[in-house]
Amino acid sequence: MKRPFPLAVAQLGPIHLADTREAVVRRLLEMLREAASRGAEFVVFPELALTTFFPRWWMTSQDEIDRFFERSMPNAATQPLFDEARRLRIGFYLGYAELTPEGERFNTAVMVDREGAIVGRYRKVHLPGHSEHKPAAPFQHLEKRYFQVGDEGFKVWDTMGTRMGMCICNDRRWPETFRVMSLQSAEVVVLGYNTPSVNIHWPEPPHLRMFHHLLLLQAHAHENALWVGAAAKCGAEDGFHMIAGSAIVSPTGEIAAQSSTEEDEVIFVNCDLALGDTFRKFVFNFAQHRRPEHYRLIVERTGAGDPLPG
Ligand code: CDV
């Protein structure tokens, strides 16, 4: 029997430094309404969805840094999104920079239910980039400077008729992210991302950025028998290009929907959660077939010579 979970992903085109939160929220509202009109009951917005991807900028003034952070959620700028979600009976995932009352800073996402209430919060664990200034690089990736490592792990929430987990951008490159959530029986994992097309650390061929992004979503969806909804912020933001490729991926590992632009765009799939049940029953049946007692690190050293590193 089918178990429908009508899911939309709302990709954002660029948000420039001069754009206000209010202008961005108007774009989010438009996509929320489109998602609802297409029958979606949950919509995924990107990572750091309220501002430009500010870790590309080296900043030393605390005031300048602080203006990219939210001190509360919802707040005056985002309240209309929560109100509209409640009116339309549609939940959402929203990424933003969180500044806590204690002065901690996280790259955060919240899960909001169809009542417009926050039911879950995730703080990004795998922070890419660097913390020092790289003046020779075309742009910076200063997540390690502006954020702390998330301190709440990878939780899952029973909400809106499914069990759902969250992660953020670079987390999607790590098998542990998805496996920890699937070990807690997640059926859906949602995430947002800002992925620069240029790698500032080595001359990576540009096509690999999109290839790895889709490869990882597809592999993790299948090997964990869950649906994945991934939302890009993309296009030339402040003149720096980021990949698009927002996607909804099925537990088969197939892409069920993918964005076709580098602008604001809604994609939609009426996901069947029963498809995940099938793979969890017959292939990735952890209770029957997983063998954690054999997943030990064993390096056998034979013969003469220098010991292996590590
Ligand atoms: N925002 C990110 O986490 N971006 C990284 C980039 C730096 C590689 C990503 O994994 O897409």
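Residues numbered from 1 in each chain as written. Predicted model: local features only at pLDDT ≥ 70, side-chain atom pairs only at ≥ 80, totals over all residues. Heavy atoms only, no water.

**Points about helix α6 (residues 207-223)**
- Over its 17 residues, α6 runs 24 Å from end to end, which matches the ideal 24 Å to within 8%, given 1.5 Å per residue.
- For α6, the set of buried residues is Leu 208, Arg 209, His 213, Leu 214, Leu 216, Leu 217, His 220 and Ala 221.
- Buried residues in α6 make contact with α5 (175-182), β8 (188-193), β9 (227-232), β12 (247-249) and β13 (255-258).
- Of the residues trailing α6, Ala 225 is marked for its positive phi of about 55°. (Helix = DSSP H or I, 4+ residues; strand = E, 2+ residues; numbered from the N terminus. Expected span 1.5 Å × (residues − 1). Buried < 20%, exposed > 50% of the residue type's maximum accessible area, 1.4 Å probe, protein only. Contact = heavy atoms within 4.5 Å.)

**Brief notes about the packing of aromatic side chains**
- Counting across every chain of the model gives eleven aromatic pairs.
- Taking 5.1 Å as the distance between ring centres and 80° as the angle between the ring planes, the aromatic pair formed by Phe 82 and Phe 92 counts as edge-to-face. Here Phe 82 is found in helix α3 (residues 79-88), whereas its partner Phe 92 is found in strand β3 (residues 91-99), with ten residues between them in sequence.
- Members of the aromatic cluster, connected to one another through ring pairs, are Phe 54, Phe 68, Phe 69, Tyr 146 and Phe 147.
- A cation over an aromatic ring shows up here: Arg 105 above the ring of Phe 69, its NZ or CZ 4.8 Å from the ring centre.
- Taking NZ or CZ as reference, Arg 290 lies 5.9 Å from the ring centre of Phe 286, over its face. (Phe/Tyr/Trp six-rings, centres within 6.5 Å; stacked < 30°, edge-to-face > 60°. Lys NZ or Arg CZ within 6 Å of the ring centre and 35° of its normal.)

**Points about the sheet that holds strand β7 (residues 162-168)**
- Reading across the sheet, the six strands line up as β6-β7-β8-β9-β12-β13 and stay open at both edges, with mixed pairing between neighbours. In this open sheet, the two edge strands, each paired with only one partner strand, are β6 (156-159) and β13. Each strand axis lies, on average, 20° off the axis of its neighbour in the sheet, ignoring direction.
- Packing of α6 onto the sheet brings it into contact with β8, β9, β12 and β13, and relative to β12 it is tilted by some 30°. (Pairing = 2+ DSSP bridges. Axes fitted to C-alpha atoms, helices over the stretch in contact; angles between N-to-C directions.)

**Digging into the site of the ligand**
- Around the ligand, the structure places 13 residues, and the nearest of them are Lys 124, Cys 169, Asn 170, Arg 173 and Thr 195.
- Glu 47 is positioned such that a nitrogen or oxygen atom in its side chain is 3.1 Å from a nitrogen atom of the ligand.
- Asn 194 is positioned such that a nitrogen or oxygen atom in its backbone is 3.1 Å from a nitrogen atom of the ligand.
- When the free accessible area of the ligand is taken as 310 Å², the share hidden by the protein chains comes to 92%.
- In terms of residue class, the shell around the ligand is made up of three nonpolar, four polar and six charged. (Near = heavy atom within 4 Å. Polar contact = N/O pair within 3.5 Å; in protein donor to acceptor, adjacent residues only side chain to side chain. Areas by Shrake-Rupley, 256 points an atom, 1.4 Å probe, with all protein chains shown as cover. Nonpolar A, V, L, I, M, F, W, Y, C, P; charged D, E, K, R; others polar.)

**A look at the sheet that holds strand β14 (residues 265-272)**
- Taken in spatial order, the six strands make up an open sheet running β5-β4-β3-β2-β1-β14, and their pairing is mixed. The outermost strands of the open sheet, each flanked by one partner alone, are β5 (118-123) and β14. Averaged over neighbouring strand pairs, the angle between their axes works out to 25° when direction is ignored.
- As paired strands, strand β1 (residues 4-11) and strand β2 (residues 42-44) are joined by three bridges and run parallel to one another. The residue of β2 that forms the bridge with Val 9 is Val 44.
- α3 contacts β3, β4 (105-112) and β5 of the sheet and is inclined by roughly 165° relative to β3.

**A word on the nonpolar core**
- Ranked by size, the top nonpolar core spans 46 residues in total, and within it Phe 42, Tyr 93, Leu 191 and Ile 248 carry the most contacts.
- Counting residues in each nonpolar core, the second largest holds 27 residues, with Val 24, Val 25, Leu 32 and Leu 94 among its members. (Core = buried A, V, L, I, M, F, W, Y, C linked by side-chain atoms within 4.5 Å.)

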